[in-house]
Amino acid sequence: MELARRRGFFWPSYEIYGGVAGFYDFGPYGAVLKKRIIEKWRKFIVEDHSNYVVEIETPIIGPSRVYEASGHVENFTDPIVSCLKCGRRFRADHLIEEKLGIDAEGLSPEEMTRLIREHDIRCPVCGGPLGEVKLFNLLFETQIGPYEGNRGFLRPELAQGMFVAFKRVLEVMRGRLPLGIAQIGRVGRNEISPRQAMMRLREFTIMEMEYFIDPEDPEGSCPFYDRVAGEVLRIRTYEMKQKGEAPREYTVDEAVDKGLIIHKCLAYWMAVAKRFMNSLGVPDENMFFDEKGPNERAHYSSQTFDQMVKVSRWGWVEVAGHSYRGDYDLSRHMKYSGADLTVFKPYEKPIKVRVKRAFLDKAYIGRLFRSEAGRILREAARIPEERLLEAAERGEAIRVAGYEIPPEAIRVVEREEKVAGKRIIPHVVEPSFGTDRIVYVAFEYAYREKAGRTILSLPRDIAPVQAGVVPLVEKEESLRREAQRLYRLLVENGYYVLYDDSGSIGKRYARMDEIGVPAVFTVDYQTLEDGTVTMRDRDTWRQVRLPLGRAPEALARFLYDKVDIHELGTPVRFDEEESSRGVDG
């Protein structure tokens, strides 16, 4: 954390005002590191599945109706408890977990209150007694426009924007399933007691994808499943967790065949997520998938796995959630909006069936509503026919365009029709990644020390600064001129390059190592003689000599093909003791 602040990666927001818990700034290098991690996620999730997954962008503020439909207004809560002496508020489950060493997630407010009383858990600040545990809604509320009552919420996840836009995207993609809709953006959750630095924030970035599938076609829903069938996942089921057992290894095929993961698509995206975290430096043994129990998972989920990664300071932390959301979201939005969010599924051959059709009686509506009849009929055209049939059969009125339509206005006819297919409500598999947490994880796994020096060994393709250029001697004009020429050449080839001619060469190498620059090019006196420069590997401190004009090509192979530096030029004599002092070669 000290290195992150000192070298401009990230730090607590609003420091000059004393800071506000749950908010972090990304500095010059942190912002680029985050951007590169996002780009890598986009490749794993979107670009590698370009026939099936597309990316959209939706607003960060939504009308209250959206979040009433999604269930967040009712269910997006955490348990809160207040100190009766000092008035401070805390996450009740966190206090219980810290005091008793048990998992309190999923306990009811009454059960938590009982534990607090039985074990005399008190305020961690002043030692005062704690009150009753209550539920606190985490939505940030706002007002849309100048009129009171037009309530809105800052989105707590990206999912609802993708569900609401589903029909539009489906039309663009020619009505085909499976269909993945991805989105990357900021969200807000009014956390009760943010803690663990970047692990729990009130405003943060999510990378999320909703993968819509035909629930009747598990095989066709995951056409790329064979890519990962043999991939090994470390899994701890809820049953194993209840017994205190450690995660076990299963191939993806085994996990699906044994019913540990309820759908092939859920298993597939978990395997992709594992590979994504591997690419950021997290080894298999420091990662597992933890199944959430019935009382732990979100209201919309049929099955959820948290993707857990081990970090040195806080132990196991969640970096992603993988949920099977079923048809919960689309069904709810159909109910609350009246829009048809089904997908037409054609039969191999048309069949004859007797069907019931329901529609509003135009003459009846005309007599009843007169000048408003046209608007009512237009709005009614958006109502799913099943809803009209249900209202007619139950003898219930329905609301259209603000008016109550009596059941007598709904006409139902039965006839034989040739049917080419049927309409289904897709099910949804969701992988959701916490970007800020992943930045921290990548940063920690890259941190190491060598010969008294700090090195940030970030994977080469996500390093914020991709190359450094230094003249060997600080004030030698001829060397500086050639170094500037090399700097411009690399920049023109699209690289983020840091030029540094201040201080000794050892100090410059040390600065480059601390911000994770994978390769540093040094212009020395031999450059003036034969046009060659040295290229230094951040992690091994080894160097090769190559022509200045070949630097862009060599850097590309080094960053993206991950070749050993010795394949890029002629090795230069290496002395580790001298290198630790910054006098490489």
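Remember, it's a predicted structure, so these values are computed and weren't measured experimentally.

Draft legend 1. Looking closely at the overall build of the protein. Each helix and strand in the protein was counted, giving 21 helices and 29 strands. Referenced to the eigenvectors of the C-alpha coordinate spread, the extents of the protein come out at roughly 95 × 65 × 55 Å. For the protein, with 585 residues in total, the buried portion stands at 51%. Pairs at least 24 apart in sequence give 68% of the contacts found in the protein among residues at least 6 apart. When the accessible area of the protein is evaluated, it comes to approximately 27,600 Å², of which 47% is carbon and sulfur surface. Measuring between centres, the 89 positive side-chain charges of the protein sit 3 Å from its 93 negative side-chain charges.

Draft legend 2. Focus on the nonpolar core. Core analysis: the largest hydrophobic core is formed by 106 residues, its most contacted members being F10, W269, F276 and M277. Tallying contributions element by element places helix α11 (residues 264-279) first for this core, with 11 residues. Aside from chain neighbours lying at most four places away, what touches M277 is V282, M287, Q307, V309, V319, I438 and V441. Within the second largest apolar cluster, 25 residues are counted, among which are L479, Y499, F521 and L568.

Draft legend 3. Up close: the packing of aromatic side chains. Under the definition given, this model contains 21 aromatic pairs. Between F44 and F276, the aromatic rings sit 5.6 Å apart at their centres with planes inclined by 70 degrees, giving edge-to-face as the arrangement. Residue F44 is found in helix α2 (residues 28-45), and its partner F276 is found in helix α11; the two are separated by 232 residues along the sequence. Ring centres of F276 and F433 lie 5.7 Å apart, and the angle between their planes is 85 degrees; on these two criteria the pair is classed as edge-to-face. A residue pair is termed long-range when its members are at least 10 positions apart, and F276 in helix α11 and F433 in strand β21 (residues 427-434) qualify at 157 residues. Across the pair, exposure class does not vary: F276 and F433 are buried alike. Members of the aromatic cluster, joined through ring pairs, are F9, F10, F26, Y29 and F443. Directly above the aromatic system of Y300 lies the positively charged group of R325, at a separation of 3.4 Å from the ring centroid. The residue whose ring lies beneath K450 is W541, and the NZ or CZ to ring-centre distance is 4.4 Å.

Draft legend 4. Seen up close, the sheet that holds strand β26 (residues 519-523). With mixed pairing, the 6 strands of this open sheet are ordered in space as β25-β24-β26-β27-β28-β29. Every interior strand has two partners, whereas the edge strands, β25 (497-499) and β29 (570-571), have only one. Here strand β24 (residues 467-471) pairs with β25 via 3 bridges, running parallel. Bridging from a neighbouring strand, V469 pairs with Y499 of β25. Contacts from helix α17 (residues 477-492) reach β24, β25, β26 and β27 (532-537), with the element oriented near 165 degrees to β24.

Draft legend 5. Looking closely at the environment of I405. Examined against the element boundaries, I405 turns out to sit in strand β19 (residues 403-405). Residue classification places I405 among the buried residues on the basis of a relative accessible area of 0%. Separated by 36 residues in the primary sequence, I405 and F369 place their C-alpha atoms 9.7 Å from one another. Apart from residues lying up to four places away in sequence, I405 is in contact with L360, I365, F369, I376, A397, I398 and V400.

Draft legend 6. Seen up close, the pattern of salt bridges. For the structure on display, the rule yields 54 salt bridges. Across the pair E417 and R415 runs a salt bridge whose closest N-O atoms are separated by 2.8 Å. Judged by relative accessible area, E417 falls into the buried class, the value being 16%. A salt bridge links R545 to D524; the shortest N-O distance between them is 2.5 Å.

Draft legend 7. The arrangement of the packing of α2 against α11 in detail. In the contact formed by α2 and α11, the axes pass within 10 Å of each other and the chain directions differ by 145 degrees. Crossing of α2 over α11 shows right-handed handedness. Only W269, V272, R275, F276 and S279 of α11 make contact with α2, whose side of the interface consists of I37, K40, W41, F44 and I45. Class assignment for the residues of the contact of α2 with α11 results in 7 nonpolar, 1 polar and 2 charged.

Criteria and cut-off values
Numbers given for residues are sequential positions, taken from 1 along each chain in its written order. Local features are withheld for residues below a pLDDT of 70 in this predicted model, meaning they are given only at 70 or higher, and side-chain atom pairs are given and counted only at 80 or more; totals for whole chains, interfaces and linings count all residues. Excluding hydrogens and water, the side-chain values take into account all heavy atoms of the structure. Every helix listed is a DSSP run of H or I at least four residues long, and every strand listed is a run of E at least two residues long, numbered separately from the N terminus. Each residue gets one of three labels from its accessible area relative to the maximum for its type: buried under 20%, exposed over 50%, partly exposed in between, using a 1.4 Å probe on protein chains only. Here a residue-residue contact requires only that any non-hydrogen atoms of the pair lie within 4.5 Å. Accessible areas in this description were obtained via Shrake-Rupley with a 1.4 Å probe; residue shielding takes into account the shown protein chains only. Only four residue types enter the charge count, namely Lys and Arg as positive and Asp and Glu as negative; His and the chain termini do not. To locate a charge, the coordinates of NZ of Lys, CZ of Arg, CG of Asp or CD of Glu are taken. As used here, the term nonpolar core means buried Ala, Val, Leu, Ile, Met, Phe, Trp, Tyr and Cys residues forming a set that is joined through side-chain atoms within 4.5 Å. To pair, rings of Phe, Tyr and Trp, with the six-membered ring standing in for Trp, must have centres within 6.5 Å; the planes then decide the type, stacked if under 30 degrees apart, edge-to-face if over 60, and tilted in the middle. Whether a charge lies above a ring is judged from NZ of Lys or CZ of Arg, which has to be within 6 Å of the ring centre and within 35 degrees of the ring normal. Paired strands are those between which DSSP finds at least two bridges. The axes used here are C-alpha line fits, helices contributing only the stretch in contact, and every angle between their N-to-C directions lies in the interval 0 to 180 degrees. By definition here, a salt bridge exists when the distance from a side-chain nitrogen of Lys or Arg to a carboxyl oxygen of Asp or Glu is within 4 Å. By definition, any crossing whose near helix is turned counterclockwise from its far helix by less than a right angle is left-handed, and any crossing with a clockwise turn is right-handed. All amino acids are sorted into three groups, where Ala, Val, Leu, Ile, Met, Phe, Trp, Tyr, Cys and Pro are nonpolar, Asp, Glu, Lys and Arg are charged, and the leftover types, Gly among them, are polar.

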